[in-house]
Structure formats: C-alpha cells, structure tokens
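# Residue-level structural notes
Read off the chains here:
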There are 2 protein chains.
Amino acid sequence: MNVFIVYAHPEKRSFNSAMKDLAVAALTEQGHQVVVSDLYDMHFWAGAGQGDFIAQSAEPLNLQASQLTALKTAGFAPEIAAEIEKLRACNLLILHFPLWWFSMPAIMKGWIDRVFTYGFAYGVMGGPSTNLAGRKALVVTTTGGPAATYTATTRGTVDDYLKHLLVGSLAFCSMEVLPTFVGYGVAYLDEDARQVVLDNYEAYLEIFEPT
Amino acid sequence: MNVFIVYAHPEKRSFNSAMKDLAVAALTEQGHQVVVSDLYDMHFWAGAGQGDFIAQSAEPLNLQASQLTALKTAGFAPEIAAEIEKLRACNLLILHFPLWWFSMPAIMKGWIDRVFTYGFAYGVMGGPSTNLAGRKALVVTTTGGPAATYTATTRGTVDDYLKHLLVGSLAFCSMEVLPTFVGYGVAYLDEDARQVVLDNYEAYLEIFEPT
C-alpha cells in the first residue's frame, strides 16, 4: 500500500527522527511504497491564509470558500497542491512528531490547517469526507514525561490531549484512526531503554505486514 | 493592568478581528494598557528550532537546554525575546483566535511553542512556573459550528478539545485560567446575531473593570 509519513522534528539526530527512520525502513521492507514529508526540511509555512492560493483577491478572505474554489480550478499554491496529492494517493497516513505542549508542533498543525482542505478532506456541509473515508491514520509521538503521568487518573492520557487531532480532525474526516503509538519519557531513557521503544514500535508496525 | 493580546487571524475584515478590536477598545476604555501581537501581521514563524536562538551550534539541538541557555545569556532571537518581554510584563494574557480543526491556528501554537520557554514559562523540573504563576489567561475563540454541537453529550465541549492549551499549557504554567469565551457559529450569523455576540463579549470583559 501507499504510506505517507508527515514528520515534524527540528533535529535529524533526535530519537524521534530515529523512530521515523525505523518506520520508513520497516514499511519499505514489508513491500509498501513510503513517501515522507519532512516539514522542517521543507521549511513548511504553517499559517493558513492567502498564501495557500495562486490567485490573489481584494475580497475578504474566506478560507473554506477559497479552498473549494482552488480545488475546482487547480488554484492551490504548489506546496499545498503537492501535499494534497500525496494525501490523495495514500492508504495509510502517519503523523509523526514529538508531543509539544501536549499537542502537535505548530508546523504539523499548519500542515493540517492548510492541507485538510474544505471539499477535499471534509464535506461541503461539514459531513463525512468522501476523499479520506476509510483510509488509515496513525499518530506516532514521543513525550518528555513518563507514562505514569499520562493516565486517566493523573493529568489525562495522550489521547485526551490529542482529541482535537484524533477525533476533531482524523475521525472527523472519516479516517480509520489506529491506536496512538507513544514513546514515553524518551528524553530521559538510556540507550537500552530507547532500544526497547524502537523494538516495540517495530513490533507495532507488523500490523501492516501484507497477509 | 497590563493586557497582552496575542491574535491570530489572516483576515482583518473578519468577525474574529472585530471581536479583537472590541477587546482592545473596551480594555483601553477601562484604563488598562493593551499590547497586541498580531501574528499574521508579524509573519510570525511557527516552527520552534535553531532559529529561536542567536548562537548556532553544530551539536544536536535540545530545545529545552537551548532555551535555558538563551534565557541566561540573552541568547533568544529578537522576535522571541520581544514576545517573552511582553509576556513578562502582562497581568492578563488573552489568546484570541478562530477555532481551526478544534484547536488553535498553527501560527498561535507556534507562538506557544517558541515563547513559553523552559526556565521562563515553566520550571526546570517541569514544575510550576515562578514567572507566569498567578497571571490571568483568557482564551477567546470563534467556531463555525453552532453551540449545540459543542456539548458534553455531542462531540464534546470546546474546552475538551482545548485541553492541551487550557490545562496542558496555561494551567501547567500556574496561570489563572479564566472561563473560555466562545462565539459560536459566527460564520452563519446575520448582523443582528453577530451584534449579540459582540455585546456578550463586551459584557464578559466587564470582569476586568477596575473596582
């Protein structure tokens, strides 16, 4: 299948980056076609706005209306059109990022804001999308804090904090949202403990092994 | 008191912008000093990373460590240093944005990622901040969907989706988080109904009236 990994971390020598590299290798080894958008490498602009569109207008900007028009007229700026085509082509979308302030890094949120466009990612009346429906979506993240702090009886789970993404964005577009993979407390793990996280992630990815 | 409004909307002729202008006028009228960071106007870069710092290093980037060093050495890039000083000076922080994908626009998340820095906004061991503790924080947002869709028994409240911001960011830094002000369904309101939202917002802001 076609796998599209959207990746946001400013440091290529990070553990988060090593996890992303592992996913690329493991999924390729399984026979999948893997495409990566490295948002920091792309210097991806995060602010949805007039820059998303080729045509400039003196009228007040209405993002949804402009997105719908751009979809019908090939009017998206090239960097947006390219991401939409990668999304359109994928069977599995992986959003891969460190948890910053209990959510995505801003550059990843910008990718959602600009690429999950009205009329493409979700329906004209806000209903289920016909374009993303049924595609798989997987969120992979790493935290500074240990797993024990992210429970329903402590500060809340990672999924609680990511509700805006898991429920409000991916499931909203009728994607099949897979269980979040979290590497907890990676900043404070030694090499052996980090290898356990990598091994666990590799084992998780076996669900994508063709049968 | 000193009020710092951080504002993120790409269209100056939007209703969201009108609400922001109302806040500036009402709070100024009450005798407060109001400073606004208009993130789209500032073309604020959202991606936390090496660009946040004056000194460049060949070592792998560790954001927290670099933030701590920058704090001690006046090492932040000017646009970050300026925002930190505005934050340090304020008694009330207002984050003002449209709800996009059930969260902040990316450019606002980038402001949090880059300005809520380690050692300044939160403690070195992840504990309560001594710098932001007790300051008031208010989130003001507008939605496309009507109020009836944002309840505990429907898709969840706006506060549920904003947990990462309200709990994970503002309260995490020991700020006093005020009840979120939401203008619901503003895209579909007529002028009279929009005036009601403005009137309600103006009434809400009376809590800041000096006694």
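Just above sits the structure.
Criteria and thresholds
Residues numbered from 1 in each chain as written. Chains lettered and ligands numbered in written order. Predicted model: local features only at pLDDT ≥ 70, side-chain atom pairs only at ≥ 80, totals over all residues. Heavy atoms only, no water. Salt bridge = Lys/Arg side-chain N within 4 Å of Asp/Glu carboxyl O. Helix = DSSP H or I, 4+ residues; strand = E, 2+ residues; numbered from the N terminus. Buried < 20%, exposed > 50% of the residue type's maximum accessible area, 1.4 Å probe, protein only. Phe/Tyr/Trp six-rings, centres within 6.5 Å; stacked < 30°, edge-to-face > 60°. Pairing = 2+ DSSP bridges. Expected span 1.5 Å × (residues − 1). Arc of directions from axis to C-beta. Contact = heavy atoms within 4.5 Å. Polar contact = N/O pair within 3.5 Å; in protein donor to acceptor, adjacent residues only side chain to side chain.

Turning to the pattern of salt bridges, a few remarks are in order. Tallying each qualifying case throughout the model produces 20 salt bridges over all chains. Asp52 of chain B is the partner of Arg114 of chain B in a salt bridge, and the nearest nitrogen-oxygen pair spans 2.7 Å. Taken together, the positions of Arg114 of chain B in helix 4 (residues 106–115) and Asp52 of chain B in the loop between strand 2 (33–38) and helix 2 (63–73) put the pair 62 residues apart, joining distant regions of the chain. One salt-bridge network, in which partners are shared between bridges, spans Lys12, Asp38 and Asp41 of chain A.

This next bit is on unusual backbone geometry. Its identity is not glycine, yet His43 of chain A carries a phi of approximately 50 degrees, on the positive side. The residue His43 of chain A is located in the loop between strand 2 (33–38) and helix 2 (63–73) in this model. Note on His43 of chain A: relative accessible area 56%, which makes it exposed. The backbone of Ala74 of chain B sits at a positive phi, close to 55 degrees, despite the residue not being glycine. Among the structural elements, Ala74 of chain B can be located in the loop between helix 2 and helix 3 (78–89). By relative accessible area, Ala74 of chain B is classed as exposed at 66%.

Below, the discussion takes up the packing of aromatic side chains. Summed over the entire model, instances satisfying the criterion amount to 29 aromatic pairs over all chains. Taking the centre distance of 4.6 Å and the plane angle of 40 degrees together, the rings of Phe102 of chain A and Tyr161 of chain A count as tilted. Here Tyr161 of chain A lies in helix 5 (residues 158–161) and Phe102 of chain A lies in the loop between strand 3 (92–98) and helix 4 (106–115), a separation of 59 residues in the sequence. Residues Phe102 of chain A and Tyr161 of chain A agree in their burial class; the two are buried. Between Phe4 of chain B and Trp111 of chain B the ring centres are 5.8 Å apart and the planes differ by 70 degrees, which places this aromatic pair in the edge-to-face class.

The next subject is the pairing of strand 1 (residues 2–7) of chain B. Residue and element names in this part refer to chain B. When you tally the buried positions in strand 1, you get five out of six residues, the bulk of the element. Pairing analysis gives six bridges linking strand 1 to strand 2, with the strands arranged parallel. Within strand 2, the position partnered with Val3 by the bridge is Val34. Sheet analysis places strand 1 next to strand 3 (residues 92–98), joined by five bridges and oriented parallel. In the strand pairing of strand 3, Val6 is matched with Leu95.

This part takes up helix 7 (residues 191–204) of chain A. Residues and elements named next belong to chain A. Compared with an ideal rise of 1.5 Å per residue, which puts 14 residues at 20 Å, helix 7 spans 20 Å between its outermost C-alpha atoms and is within 8% of the ideal. Within helix 7, the full set of buried residues consists of Val197, Leu198, Tyr201 and Tyr204. Viewed along the axis of helix 7, the buried residues span an arc of 120 degrees, placing them on a single side of the element. Looking at helix 7, the residues exposed on the side facing more than 90 degrees away from the buried face are Glu191 and Asp192. On its buried face, helix 7 is in contact with helix 1 (15–29), strand 3, strand 4 (136–142) and strand 6 (181–183). Structurally, the start of helix 7 carries an N-cap: the backbone nitrogen of Asp192 is 3.2 Å from a side-chain oxygen of Asp190.

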